Protein chains: 2
Amino acid sequence: MNENSLFIRACKRQETERTPVWIMRQAGRYLPEYRAIREKHDFLTMCKTPELASEVTVQPIDIIKTDAAILFSDILVIPEAMGMNLDIIESQGPVFDSPIRSAKAIENLNIEGVVERLNYVMEAVKMTKEKLAGRVPLIGFSGSPWTLACYMVEGKGSKNFDIIKSFIYNEPAAAHRLLQILADSIIEYLNAKIRAGCDAVQIFDTWASILSPSDFEEFSLKYIRYICENLETGGAPVIVFAKGVSSYAKLAELKCDSLGVDWTKEIGTVRKEINGTKALQGNMDPTVLFAPKQKIREETERVLESYGTGAGHVFNLGHGILPKTPVENTQYFVECVKELSAKYHA
Amino acid sequence: MNENSLFIRACKRQETERTPVWIMRQAGRYLPEYRAIREKHDFLTMCKTPELASEVTVQPIDIIKTDAAILFSDILVIPEAMGMNLDIIESQGPVFDSPIRSAKAIENLNIEGVVERLNYVMEAVKMTKEKLAGRVPLIGFSGSPWTLACYMVEGKGSKNFDIIKSFIYNEPAAAHRLLQILADSIIEYLNAKIRAGCDAVQIFDTWASILSPSDFEEFSLKYIRYICENLETGGAPVIVFAKGVSSYAKLAELKCDSLGVDWTKEIGTVRKEINGTKALQGNMDPTVLFAPKQKIREETERVLESYGTGAGHVFNLGHGILPKTPVENTQYFVECVKELSAKYHA
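Residues numbered from 1 in each chain as written. Chains lettered and ligands numbered in written order. Predicted model: local features only at pLDDT ≥ 70, side-chain atom pairs only at ≥ 80, totals over all residues.

Describing the relation of the copies chain B and chain A
Turning to step 1, where the next piece is worked out: Of the two same-sequence chains, chain B is brought onto chain A (RMSD 0.0 Å, axial shift 0.0 Å) by a rotation of 180 degrees. Read as a symmetry element, the transformation amounts to a two-fold axis. Across chain B, the rotation axis passes nearest the C-alpha of Ser 246 of chain B, at a separation of 3.2 Å.
Turning to step 2, where the next piece is worked out: A share of 100% of interface residues in chain B that are also interface residues in chain A marks the association as one of identical surfaces. (Least-squares fit on C-alpha atoms with pLDDT ≥ 70 in both. Contact = placed C-beta atoms within 7 Å.)

Things to note about the nonpolar core
Turning to step 1, where the next piece is worked out: Residues Ile 139, Ala 149 and Val 240 of chain A together with Ile 78, Ile 139, Ala 149 and Val 240 of chain B are the most contacted members of the largest nonpolar core, which totals 240 residues.
Turning to step 2, where the next piece is worked out: Filtering out sequence-adjacent residues up to four positions away, Ile 78 of chain B remains in contact with Val 114, Leu 148, Leu 182, Ser 185, Ile 186 and Tyr 189 of chain B. (Core = buried A, V, L, I, M, F, W, Y, C linked by C-beta atoms within 7 Å. Buried ≥ 20, exposed ≤ 12 C-beta atoms within 10 Å, placed from the backbone.)

Considering the sheet that holds strand 5 (residues 200–205) of chain A
Residues and elements named next belong to chain A.
Turning to step 1, where the next piece is worked out: Overall, parallel pairing links the 7 strands, which are arranged 1-4-5-6-7-8-9 in an open sheet. The sheet terminates laterally at strand 1 (69–70) and strand 9 (313–317), the two strands that pair on one side only.
Turning to step 2, where the next piece is worked out: The sheet strands contacting helix 8 (residues 119–132) are strand 1 and strand 4 (138–143), and the helix crosses strand 4 at an angle near 150 degrees.
Turning to step 3, where the next piece is worked out: Where helix 11 (residues 172–196) meets the sheet, it contacts strand 4 and strand 5, and its direction lies at approximately 170 degrees from that of strand 4. (Pairing = 2+ DSSP bridges. Helix = DSSP H or I, 4+ residues; strand = E, 2+ residues; numbered from the N terminus. Axes fitted to C-alpha atoms, helices over the stretch in contact; angles between N-to-C directions.)

Some words on the packing of helix 8 of chain A against helix 11 of chain A
Residue and element names in this part refer to chain A.
Turning to step 1, where the next piece is worked out: At a closest axis distance of 9 Å, the pairing of helix 8 and helix 11 adopts a crossing angle of 30 degrees. Taken together, the axis directions place helix 8 and helix 11 in an arrangement best described as roughly parallel. Two packed elements cross with a definite hand, and for helix 8 against helix 11 that hand is right-handed. Each of Val 121, Met 122, Val 125 and Lys 126 in helix 8 lies in contact with helix 11, whose residues at this interface are Ala 192, Lys 193 and Ala 196.
Turning to step 2, where the next piece is worked out: Split by residue class, the contact of helix 8 with helix 11 holds 5 nonpolar, no polar and 2 charged. (Parallel < 35°, antiparallel > 145°, perpendicular 65-115°, else oblique. Left-handed = near helix turned anticlockwise from the far one by under 90°. Nonpolar A, V, L, I, M, F, W, Y, C, P; charged D, E, K, R; others polar.)

Observations concerning the environment of Glu 130 of chain B
Residues and elements named next belong to chain B.
Turning to step 1, where the next piece is worked out: Topologically, Glu 130 is positioned in helix 8 (residues 119–132).
Turning to step 2, where the next piece is worked out: In this structure Glu 130 comes out as exposed when scored by C-beta crowding, with 12 C-beta atoms within 10 Å.
Turning to step 3, where the next piece is worked out: When the C-alpha positions of Glu 130 and Phe 72 are compared, they lie 15 Å apart, and in sequence the two are 58 residues distant.

A few points about the environment of Asn 119 of chain A
Residues and elements named next belong to chain A.
Turning to step 1, where the next piece is worked out: Along the chain, Asn 119 falls in helix 8.
Turning to step 2, where the next piece is worked out: Judged by C-beta crowding, with 13 C-beta atoms within 10 Å, Asn 119 ranks as partly exposed.
Turning to step 3, where the next piece is worked out: Spatially, the C-alpha atom of Asn 119 lies 41 Å from that of Lys 272, the residues being 153 residues apart in sequence.

Let's talk about the interface of chain B and chain A
Turning to step 1, where the next piece is worked out: Each side of the interface is counted separately: chain B has 27 residues, and chain A has 28 residues.
Turning to step 2, where the next piece is worked out: For the side of chain B that touches chain A, the leading source of residues is helix 10 (residues 162–170) of chain B, giving 5 residues.

Overview of the pairing of strand 2 (residues 86–89) of chain A
Remember that side chains alternate between the two faces of the sheet whenever the strand is regular.
Turning to step 1, where the next piece is worked out: Bridging between strand 2 of chain A and strand 3 (residues 93–96) of chain A involves 4 bridges; their strand directions are antiparallel. For Ile 89 of chain A, the partnering residue across the bridge sits in strand 3 of chain A and is Gly 93 of chain A.

Quick look at unusual backbone geometry
Trans is the prevailing form of peptide bonds, just as negative phi is the prevailing case for residues other than glycine.
All names here are of chain A.
Turning to step 1, where the next piece is worked out: Cis geometry marks the peptide bond from Gly 282 to Asn 283, where omega comes out at 0 degrees.
Turning to step 2, where the next piece is worked out: Position of Asn 283 among the secondary structure elements: in strand 8 (residues 279–284).
Turning to step 3, where the next piece is worked out: Here the phi dihedral of Lys 65 falls at roughly 65 degrees; this positive angle occurs in a residue that is not glycine.
Turning to step 4, where the next piece is worked out: Assignment of secondary structure puts Lys 65 in the loop between helix 4 (50–63) and strand 1.
Turning to step 5, where the next piece is worked out: Positioned with a positive phi, Phe 161 is a non-glycine residue whose angle comes to about 55 degrees.
Turning to step 6, where the next piece is worked out: Among the secondary structure elements, Phe 161 is positioned in the loop between helix 9 (145–154) and helix 10 (162–170).

Focus: helix 12 (residues 213–230) of chain B
Residues and elements named next belong to chain B.
Turning to step 1, where the next piece is worked out: Between its terminal C-alpha atoms helix 12 stretches 24 Å, which fits the 26 Å expected from 18 residues at 1.5 Å a residue.
Turning to step 2, where the next piece is worked out: The largest bend along helix 12 measures about 40 degrees and falls at Leu 221.
Turning to step 3, where the next piece is worked out: Within the span of helix 12, buried status applies to Pro 213, Asp 215, Phe 216, Phe 219, Ser 220, Leu 221, Tyr 223, Ile 224 and Ile 227.
Turning to step 4, where the next piece is worked out: Those residues of helix 12 that are buried lie in contact with helix 9 (145–154), helix 10, helix 11 (172–196), strand 5 (200–205) and strand 6 (238–242). (Expected span 1.5 Å × (residues − 1). Bend = angle between axes of the 7 residues up to and from the residue.)

Now the structure itself:
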């Protein structure tokens, strides 16, 4: 049944009667129902408890009525399963108390049995699928090797990313070793998620945005390409979201189905650039959800019009929904996409 | 004499025997000679004391041997001269203790006599010109109206800029009033700098990077265009640096001479996009200066090669130099540009 869902069909550039919509970080802090659970449990405990993770994953399907669910989790569960001590404070972001700063630290990572230690994620997938009962497809996700490496080496969020950049320039062999280890684990991890029941997977490369085109090719895209070529998808669409890239030409050559687009681009311009060879996902500015309803409606229409008519558009924000976003505006946004998009599929 | 300098000629797309180079934030914390002065005076005092501002402005000419000087100052001296209490802590960034959150707060800005209260900047320009004694041209700068408004409304740096975005979406008339006030002050301010002796001016739109293309047009580019059309340059080149924009087509229509390019773009691709109608300034990743010398040399060559042969390239980093950058690497980078660029001007 999910194979015929609007979301899966749009990812595969098949015709749909309207544009499907979901929201990055839709299971999150802007929802009072999420905060009620979060007050009682810390963030990592929620990730590691399938009952809780599945519950918050399903919340936006009931409340916001999006066309796909995305498993509540965090991209940093992989380095955590490799033995790095992770502390996630939602207001400050993640912190590793012993970041990687040497080749030796990479060799000390516990890379055997990572996916077995992440079995709690697979249990959460299965429990979520039961709760969804076929209503909408379930997306699983991973960070890209580059984006995971940024956190593992910097140890926390960064303004200038000079620590990870110094590392890749001064110790390129060690950096490539780390990226390859991550790529191999990500393949196993996403394959396991698909086997557990995920209907699609998305690779988040948030920190693509800090790389020059040549460094992006060498330190990020190379490993995303390797992952895409080695996934056993069984037909599940693969979505790649490389935030902040200036060109989509090389991304369009990936063995994937859909590309995420951040809000600083014209989605119609990207569609032309890649000649419609991939579905596109995006790309309204998340802060528009703080605007009056009339502006939300206008911006929704603007993005739909920019993409234009025909198949291959999955509506989303251009980045994750922000914590203080009004729920009512989020609901209205989803209604607008559903109502306004039909005419682009006439 | 400065009219015949490499920098001014390159800004005007006139032939030069090699590519000129300067560095954004070249008068700054990475230099021990700067830190020695900074230890004795707070940041704003340095901006407001022509003797000190001119001294640190000239330092990189002697130490790094760049082809242009840029006046030591801060973009936020304009809102400070409008009566907003500013605290600049270099490790944390600027803080306004009473940010603008209403139309009324805008009306309370002291917009008469702003440039008179900024006379210390003009004195610093004159003193710097004496110290430079014609060796290299002097660049004056301003933030764009949008970038200044971001700081004035957010009150400090921001991760998501949801306060300024909420403001422009919910109170567009007030936002436009603020942007127009700033644009008018910036015109007066840059004109006064040119009259005081600046040989070129640059407009920094750092936070162009957070806007969708349509919001960039409405809330930023419109006012940059107005400034460019109303400057009395007397032939001084005007450089516009809009960081993070996805398209240069509209920037290429500005009444300006040169466009800054951040490091996430291929500068050669931008040159083609605008059909060589403006000089381009940029664009090496600032973190490359943390790399071994061989990598610095290779990346310098890569940027030169991307731009290609002929006039109209001013070498720079793609953003400001970072505080911990090794001085030796910075000197080597400038040497590399000087040595390697000659063959692109054969």
